[in-house]
Amino acid sequence: MQDALTQQQQKLDSLQTADKQHFIHPFTDSKGLAEKGTRVIERAEGVYLWDVMGHKLLDGMAGLWCVNVGYGRQSIVDAVAKQMQQLPFYNSFFQCSHPPAIELAQKIASLAPKHMNNVFFTGSGSESNDTNLRMVRRYWDLKGKPSKKTIISRDNAYHGSTVAGASLGGMSGMHEQGDLPIPGVVHIAQPYWYGEGNGLSPEAFGLQAAQALETKILEVGEDNVAAFIAEPFQGAGGVIIPPSTYWPEIKRILAKYDILFILDEVISGFGRTGKWFAAEYFDLQPDLITIAKGMTSGYVPMGGVIVSDKVADVIKQDCGEFTHGFTYSGHPVAAAAALENIRIIEQEQLIERVESDTAPYLQSRLQELAEHPLVGEVRGLGMVAAIELVKDKELKQAFDSAVGVGTFCRDACIKHGLVMRSVGDTMIISPPLTMTHNEIDELVAKATLALNDTYEYVQGQ
Ligand code: PMP
């Protein structure tokens, strides 16, 4: 036993050393990481992960909001292996196509809102939003309105890490690095009632936040606005769910002005809300939907843009060449993984189960945590939720960021065998859609232990 442990420790040490020497991690303070050492995850099954030391962790984040069907799906492995043998790669440029990408485009069109029947494939969510930016501008050029170039987005939105993605996003920490946003992208306030509601009711605040869109359209000039982009609920920004009045008011504004609407469903797509797409959940009619993550459950990288008939008719018919595309657009192996992933979701009726059973159970169990002295608000929908940690519940007063409450709680979760992400002092949950009642109970029990540890920690501050 001791020998096995020593061997595991040696393996971890050597991996951590090599990691420190050669691996630049995304969204990471490399110096801080080198001091702490990386957590090396080695294998996974169902909703569980194991690190190199053999510690078992319940994955409350589905990897990075993406492993919707859970880990260890042999049928996806088989589909990928078979496709690799038959046709590991071919492009979809130059008059070429291949069966998996054709079949996947057709399948996604059948699942998407009725007015959306085309897909442009990419390798990630970021590439998809780059595609959106180019496609909406191209659309308006072809419509004879070349001045319509500006995209309106929102503060604290996340739309990816490429130059266009980070510009469309509203993360100030990202804009500070590399002179972003690029020209032609502007931002309005986010619908974050808990943090920015300023004493208004959620309903009044939701209306006010939505009306910022109309104000911005008038300020920039309708003739200069190409599109509005938004996540149905902000994910990386802290699972911010707009008040009930927000989307209806945005819909009213979108109907009034001639601009396109891009709904970024990289997190919400493929079942997370208990519908295939959150467009259905919130009754929205986007012109373009950004997809990635749950499209393949993260087994292999893939993204795309679902395109409405209104936009596709112009891009496909009046366009000549749309000078845009990626080597891996519609990659056959990724398409095979996506098709099998979708087949599993359908066969196991995962979305129906989320809607009628597991999501209501998860949300009601999580609401119990709202009683905890550290918790200011628990909010969520479908299989996604946030727990806001605050210094004073009554005053909704945040902790000083130097206290590092969210990071402490995240580490405490790991100690108790649970992965929850922290966004500032907000704890985030977005588990695989396969999570059962027992596993939800385990998640809540472990989260409670971590909250208790965190409470003890802040008392000593
Ligand atoms: N849009 C949203 C809403 C996202 O959450 C993300 C990733 N978290 C992206 C775009 C970017 O996707 P990717 O990391 O695959 O480029």
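All residue numbers refer to position in the chain's written sequence, counted from 1. It should be noted that, the model being predicted, local features are given only for residues of pLDDT at least 70 and side-chain atom pairs only at 80 or more, the latter also being counted only at that level, while totals for whole chains, interfaces and linings use all residues. Side-chain metrics in this entry use all non-hydrogen atoms of the structure; hydrogen atoms and water are not considered.

Enquirer: Sorry, what's going on with the overall build of the protein here?
Expert: Assigned secondary structure in the protein consists of 17 helices and 15 strands. Taking 461 residues into account, the globule formula puts the C-alpha radius of gyration at 23 Å, and the protein, at 22 Å, falls close to it. Projected onto the principal axes, the alpha-carbon positions of the protein cover approximately 70 × 60 × 45 Å. Summary of the burial criterion: residues with accessible area below 20% of their type's maximum are buried, those above 50% are exposed, and those between are partly exposed, where the area comes from a 1.4 Å probe applied to protein chains only. Within the protein, the fraction of its 461 residues that count as buried is 54%. Surface accessibility in these figures is a Shrake-Rupley result with a 1.4 Å probe; residues are shielded only by whichever protein chains are displayed. Of the roughly 20,500 Å² of accessible surface on the protein, a fraction of 52% belongs to carbon and sulfur atoms. Each charge class in the protein can be summarised by its mean position, and for the 39 positive and 55 negative side chains these summaries are 2 Å apart. Helix numbers and strand numbers start at the N terminus; a helix is a DSSP run of H or I with at least 4 residues, a strand a run of E with at least 2. Just to be clear, the radius of gyration here is over C-alpha atoms, and the globule rule we use is 2.2 Å times residues to the power 0.38. Under the convention used here, Asp and Glu are negative, Lys and Arg are positive, and both His and the chain ends fall outside the count. Where a charge lies is defined by one atom per residue type: Lys uses NZ, Arg uses CZ, Asp uses CG and Glu uses CD.

Enquirer: How should the environment of His 187 be read in this particular structure?
Expert: Tracing the backbone through its elements, the reader meets His 187 in strand S6 (residues 185–188). C-alpha of His 187 to C-alpha of Ala 157: the two residues are 30 residues apart in sequence and 9.1 Å apart in space. When sequence neighbours within four positions are dropped, the list of residues in contact with His 187 reads Ser 153, Arg 154, Asp 155, Ser 167, Leu 168, Gly 169, Gly 170, His 175, Pro 181 and Lys 216. Think of a polar contact as two N or O atoms within 3.5 Å of one another; within protein, one of them needs to be a possible hydrogen donor and the other a possible acceptor, and neighboring residues in sequence only count if both atoms come from side chains. A distance of 3.1 Å separates the side chain of His 187 from the backbone oxygen of Ser 167, its partner in a polar contact. For His 187, the side chain forms a polar contact with the main-chain oxygen of Leu 168, separated by 3.3 Å. In this description, contact between two residues means that some pair of their heavy atoms is separated by no more than 4.5 Å.

Enquirer: Got a minute to help me understand the nonpolar core in this structure?
Expert: Each nonpolar core is a collection of buried residues, namely Ala, Val, Leu, Ile, Met, Phe, Trp, Tyr and Cys, held together in the definition by side-chain atoms within 4.5 Å. Judged by nonpolar contacts, the single largest core of 72 residues is most densely connected at Leu 104, Ile 108, Leu 213, Phe 228, Trp 247, Phe 277 and Met 295. If we skip the residues at most four places from it in the chain, Met 295 touches Leu 104, Ile 108, Phe 121, Phe 270, Met 302, Gly 303, Gly 304, Ala 338 and Asn 341. Membership of the second largest hydrophobic core comes to 35 residues, among which are Leu 58, Leu 362, Leu 369 and Ile 429.

Enquirer: Explain the pairing of strand S8 (residues 260–264) here, please?
Expert: When a strand is regular, its side chains alternate between the sheet's two faces. Of all 5 residues in S8, 5 are buried; the element is thus mostly enclosed. Neither face of S8 is open: one carries Leu 260, Ile 262 and Asp 264, the other Phe 261 and Leu 263, and all of them are buried. Relative to S8, strand S7 (residues 225–230) runs parallel, the two sharing 4 bridges. Directly across from Ala 227, in S8, lies its bridge partner Leu 260. With the strands pointing away from the viewer, any crossover whose connection runs clockwise from the first strand over the helix to the second is right-handed. Read as a crossover between parallel neighbours, the route from S7 over helix H11 (residues 246–256) to S8 is right-handed. At least two DSSP bridges between two strands are needed for those strands to be called paired. Here 3 bridges tie S8 to strand S9 (residues 288–291), and the two strands are oriented parallel to one another. By the bridge assignment, Asp 264 is partnered in S9 with Thr 290.

Enquirer: In this structure, what is going on with the site of the ligand? I would like to understand it.
Expert: Taken together, Ser 124, Gly 125, Ser 126, Asn 129, Tyr 158, His 159, Gly 160, Glu 231, Asp 264, Val 266, Ile 267 and Lys 293 are the residues near the ligand. Measuring from a nitrogen atom of the ligand, one finds a backbone N or O atom of Tyr 158 at 3.5 Å. Within the side chain of Lys 293, a nitrogen or oxygen atom sits 3.0 Å from a nitrogen atom of the ligand. Here the ligand, which alone exposes 390 Å², has 83% of that area covered by the protein. It is helix H6 (residues 125–142) that contributes the most residues to the shell around the ligand, 3 residues altogether. A class-by-class count of the residues in the shell around the ligand yields 3 nonpolar, 6 polar and 3 charged. We call a residue near a molecule or strand as soon as one heavy atom of that residue lies within 4 Å of the molecule or strand. Residues are sorted three ways: Asp, Glu, Lys and Arg are charged, Ala, Val, Leu, Ile, Met, Phe, Trp, Tyr, Cys and Pro are nonpolar, and all the rest, Gly among them, are polar.

Enquirer: Mind showing me how you'd approach the sheet that holds strand S12 (residues 384–389) here?
Expert: Strand-to-strand pairing in sheets goes through backbone hydrogen bonds, with the strands running parallel or antiparallel. Taken in spatial order, the 4 strands of this open sheet run S11-S12-S15-S14, and their pairing is antiparallel. This sheet does not close on itself; its edge strands, each paired only once, are strand S11 (375–381) and strand S14 (421–423). Along the sheet, successive strands turn relative to each other by an average axial angle of 25°, direction set aside. The pairing of S14 with strand S15 (residues 426–429) spans 3 bridges and is antiparallel. Bridging across to S15, Arg 421 finds its partner in Ile 428. Every axis corresponds to a line fitted to the C-alpha atoms, with the helix fit spanning only the stretch in contact, and the corresponding angles, defined between N-to-C directions, vary from 0 to 180 degrees.

Enquirer: Explain the packing of aromatic side chains to me, please; I cannot follow it from the model alone.
Expert: Where two aromatic rings form a pair, the distance of their centres and the angle of their planes describe that pair. By convention, a stacked pair of Phe, Tyr or Trp rings (six-membered ring in the case of Trp) has centres within 6.5 Å and planes under 30 degrees apart, an edge-to-face pair has planes over 60 apart, and any other such pair is tilted. Counted under the stated rule, the structure contains 14 aromatic pairs. For the pair Tyr 48 and Trp 50, a centre-to-centre distance of 6.4 Å together with 50° between the ring planes defines the contact as tilted. For the pair formed by Tyr 48 and Trp 50, the shared burial category is buried. Centroid distance Phe 408 to Tyr 457: 4.0 Å. Interplanar angle 5°. Geometry classified as stacked. Residue Phe 408 is found in helix H16 (residues 405–415), and its partner Tyr 457 is found in helix H17 (residues 437–459); the two are separated by 49 residues along the sequence. Owing to a relative accessible area of 24%, Tyr 457 belongs among the partly exposed residues under this scheme. Three or more aromatic residues link up through ring pairs in this structure, and these residues are Phe 228, Tyr 246, Trp 247, Phe 261, Tyr 281 and Phe 282.

Enquirer: I keep staring at the packing of helix H15 (residues 350–367) against H17 and nothing clicks. Help me out?
Expert: At a minimum axis separation of 10 Å, H15 and H17 run at an interaxial angle of 20°. Classified by the angle between their axes, H15 and H17 sit roughly parallel to one another. Here H15 runs over H17; the crossing is right-handed. Contacts between H15 and H17 pair Asp 357, Thr 358, Tyr 361, Leu 362, Arg 365 and Leu 366 from the former with His 437, Ile 440, Asp 441, Leu 443 and Val 444 from the latter. When the residues that make up the contact of H15 with H17 are grouped by side-chain class, the tally is 6 nonpolar, 2 polar and 3 charged. Should an angle fall under 35 degrees it is called roughly parallel, over 145 degrees roughly antiparallel, and 65 to 115 degrees roughly perpendicular, with every other angle called oblique. The sense of a crossing depends on the near helix, which, turned anticlockwise from the far helix by less than a right angle, makes the crossing left-handed and, turned clockwise, makes it right-handed.

Enquirer: What should I look at first to understand the pairing of S11 in this one?
Expert: In terms of burial, S11 is largely enclosed, as 5 of its 7 residues are buried. Strand direction decides the pairing type here: S11 and S12, joined by 6 bridges, are antiparallel. Across the sheet, the residue bridging to Val 375 is Leu 389, located in S12. Following S11, the chain reverses through 2 residues before pairing antiparallel with S12; Gly 382 in that reversal takes a positive phi of roughly 50°.

Enquirer: Please clarify how helix H5 (residues 99–111) should be interpreted in this entry.
Expert: Every α-helix winds through 3.6 residues per turn, so residues three or four apart in the chain are directed the same way. The length a helix should cover is 1.5 Å for every residue beyond the first. Spanning 13 residues, H5 covers 18 Å between terminal C-alpha atoms, matching the ideal 18 Å at 1.5 Å per step. Within H5 the residues assigned to the buried category are Pro 100, Ala 101, Leu 104, Ile 108, Ala 109 and Leu 111. Each buried residue of H5 sits inside an arc of 165° when the element is viewed along its axis, so together they form one side. Facing away from the buried surface of H5 by more than 90 degrees, the exposed residues are Pro 99, Gln 106 and Ser 110. For H5, the elements touching its buried residues are helix H4 (74–86), strand S4 (116–122), S9, strand S10 (303–308) and helix H14 (332–347). Arc definition: directions from the helix axis to the C-beta atoms.

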